[in-house]
Amino acid sequence: MNTVPAKKSTAENAAQAALLGRVLDIVQAARTQAARSVNTAQVVANWLIGREIVEDEQQGKRRAGYGARVLAELSLRLTAALGRGYSVDSLEAFRQFYIDYPLLISETASRKLVAPFVDSNNSDTLSRNSKAVDWTPGVLHANLSWSHYRHLLRVGREQARAFYEIETIRNAWSVRELSRQTASLLYDRLAKSKDQKGLMRLAVKGHEVVQPIDVLKDPVVMEFLGLPVSPKLVESELEQALVSNLQTFLLELGKGFAFMSRQERITVDGDHFYIDLVFYHTVLKCYVLIDLKVGKLTHGDLGQLQFYVNYFDSERRTEGDNPTLGLILCPDKNDAVVRYTLGEQQARNIFASRYQLHLPTEEELQQELRRELRYLVPIDSLAPKKSAPKPATKRPAKDSKTTSKKTKGIS
């Protein structure tokens, strides 16, 4: 006689689902930890190999071509013994890794780690080095794989490399995301609005959002849209592309941005107006209104955005919200027009940034920086002033050059 199995109750199904979920979490956590341990061991091994190569080169540095011959011979022997992964290029990368990260592991710990990594004491040392609470850039971290470090080696400037280390760990960037941020020169774009102390903080603390100007990037790079640079581009097409690639756009805008709406309608005395994109910034606790332009920025565009900001401050802002910010994204702008239109007070919450539909080169960014440095002067200096009496003696011509260098204030 066939017996029909008793139907499980809803409570039993829920209990089994909960048990399954907990077991899956344990297995996934174990796999993640195992993969992280393997990655960290690989990083340490590559660093130690690089150290051995550098120390050997130093002993034989007087012999011409010694280093190149050693790497070629070592590559052949390692490949024969261990297989792929030890080409001359790889060994050169290990060598450069040790040179660029001389303090990755403490001297005491590194000597112990020459032994096989299966030793329990070595595992403890790895853990202490990679998970220290007082971690600083340049020191081993478990969340940075060899692929991360291999990409970081391409960043030539030490301060910029330290910045990308911090941001990769803080934001859990994949290698692909790290590659995109370095290719778009994120450090340089953020550094444009910083003084010398601000540059140092970027290298030590990473990107911190404390005041409105900290969210500003200029230019905003939107190569991920796949749109060609064309005079036929219309604002609706640009807006639709941004919304379709919202996740990547949020990554480009930076931390704290939460998307609220597009084409937000506001009505004033029967007249309707539409704001392209509305965000809320969870760190600054304020609305951020973004207006898109496909032509050169005009003072009328700035006035329109100021109107939107004033409306939100009056009608939408609630208790606990800070003053609304406005950002115009445009392909071109005249910085003098922006400064004269906004003045000192309004420049604190209304900003204009260029956007680029391709990744900028470092040379392009440096050219733009030199151009914008002409406007890094106090707002009071924009007002007409009475001409000062001419000095009795002429200054040497070189003084004017020295003065212009001092007014830059950015290295």
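Okay, so let's go over this structure. (Residues numbered from 1 in each chain as written. Predicted model: local features only at pLDDT ≥ 70, side-chain atom pairs only at ≥ 80, totals over all residues. Heavy atoms only, no water.)

### What about the packing of helix α7 (residues 158-171) against helix α10 (residues 196-205)?
Then step 1. Where α7 meets α10, the closest approach of the two axes is 6 Å, and the angle between their N-to-C directions is 45°. Our classification of the angle between α7 and α10 gives oblique. Residues Q159, A162, F163, I166 and R170 of α7 pack against L199, M200, L202, A203, V204 and K205 of α10.
Then step 2. Taken together, the residues that form the contact of α7 with α10 break down as 8 nonpolar, 1 polar and 2 charged. (Axes fitted to C-alpha atoms, helices over the stretch in contact; angles between N-to-C directions. Helix = DSSP H or I, 4+ residues; strand = E, 2+ residues; numbered from the N terminus. Parallel < 35°, antiparallel > 145°, perpendicular 65-115°, else oblique. Contact = heavy atoms within 4.5 Å. Nonpolar A, V, L, I, M, F, W, Y, C, P; charged D, E, K, R; others polar.)

### Focus: the environment of V338
Then step 1. Looking at the secondary structure, you find V338 in helix α14 (residues 335-346).
Then step 2. Under the relative-accessibility criterion, V338 is labelled buried at 13%.
Then step 3. The spatial distance from the C-alpha of V338 to the C-alpha of L302 is 7.6 Å, given a sequence separation of 36 residues.
Then step 4. Among all residues touching V338, those that are not within four sequence positions of it are L297, L302, G343 and A352. (Buried < 20%, exposed > 50% of the residue type's maximum accessible area, 1.4 Å probe, protein only.)

### Concerning unusual backbone geometry
Then step 1. Residue P219 follows D218 across a cis peptide bond; omega there is 5°.
Then step 2. Tracing the backbone shows P219 in the loop between α10 and β1 (220-221).
Then step 3. Not every positive phi belongs to a glycine, and L185 is a case in point at roughly 55°.
Then step 4. Secondary-structure assignment places L185 in the loop between α8 (175-183) and α9 (186-191).

### A closer look at the sheet that holds strand β2 (residues 257-268)
Then step 1. Overall, mixed pairing links the 6 strands, which are arranged β1-β6-β5-β4-β3-β2 in an open sheet. Two strands bound the open sheet, and with one partner strand each, they are β1 and β2.
Then step 2. Here β1 pairs with strand β6 (residues 350-356) via 2 bridges, running parallel. Of the residues in β6, the one forming a bridge with V220 is Y355. (Pairing = 2+ DSSP bridges.)

### A few points about helix α13 (residues 299-316)
Then step 1. The terminal C-alpha atoms of α13 lie 25 Å apart, and with 18 residues this matches the ideal 26 Å at 1.5 Å per residue to within 8%.
Then step 2. Buried residues of α13: D301, L302, L305, Q306, Y308, V309, Y311 and F312, and no others. (Expected span 1.5 Å × (residues − 1).)

### Overview of the pairing of strand β4 (residues 286-292)
Then step 1. The element β4 is extensively covered by neighbouring structure, given that 7 of its 7 residues are classed as buried.
Then step 2. Side-chain alternation along β4 places C286, V288, I290 and L292 on one buried face and Y287, L289 and D291 on a second face that is also buried.
Then step 3. Where strand β3 (residues 271-281) meets β4, 5 bridges bridge the pair, whose relative direction is antiparallel. From the neighbouring strand, V278 faces β4, where its bridge partner is L289.

### Let's talk about the pattern of salt bridges
Then step 1. For the structure shown, the criterion picks out 15 salt bridges.
Then step 2. Residues R170 and E167 are paired through a salt bridge, measuring 3.2 Å at the closest nitrogen-oxygen approach. Taken together, the residues R170 and E167, both in helix α7 and 3 residues apart, mark about one turn of the helix.
Then step 3. In this structure R170 comes out as partly exposed when scored by relative accessible area, which is 40%.
Then step 4. The shortest N-O distance in the salt bridge between K293 and D301 comes to 3.6 Å.
Then step 5. Overall, the relative accessible area of 11% leaves K293 in the buried class.
Then step 6. On the basis of relative accessible area, D301 is assigned to the buried category, the value being 14%.
Then step 7. Connected through shared salt-bridge partners, R180, R189, E223 and E252 make up one network. (Salt bridge = Lys/Arg side-chain N within 4 Å of Asp/Glu carboxyl O.)

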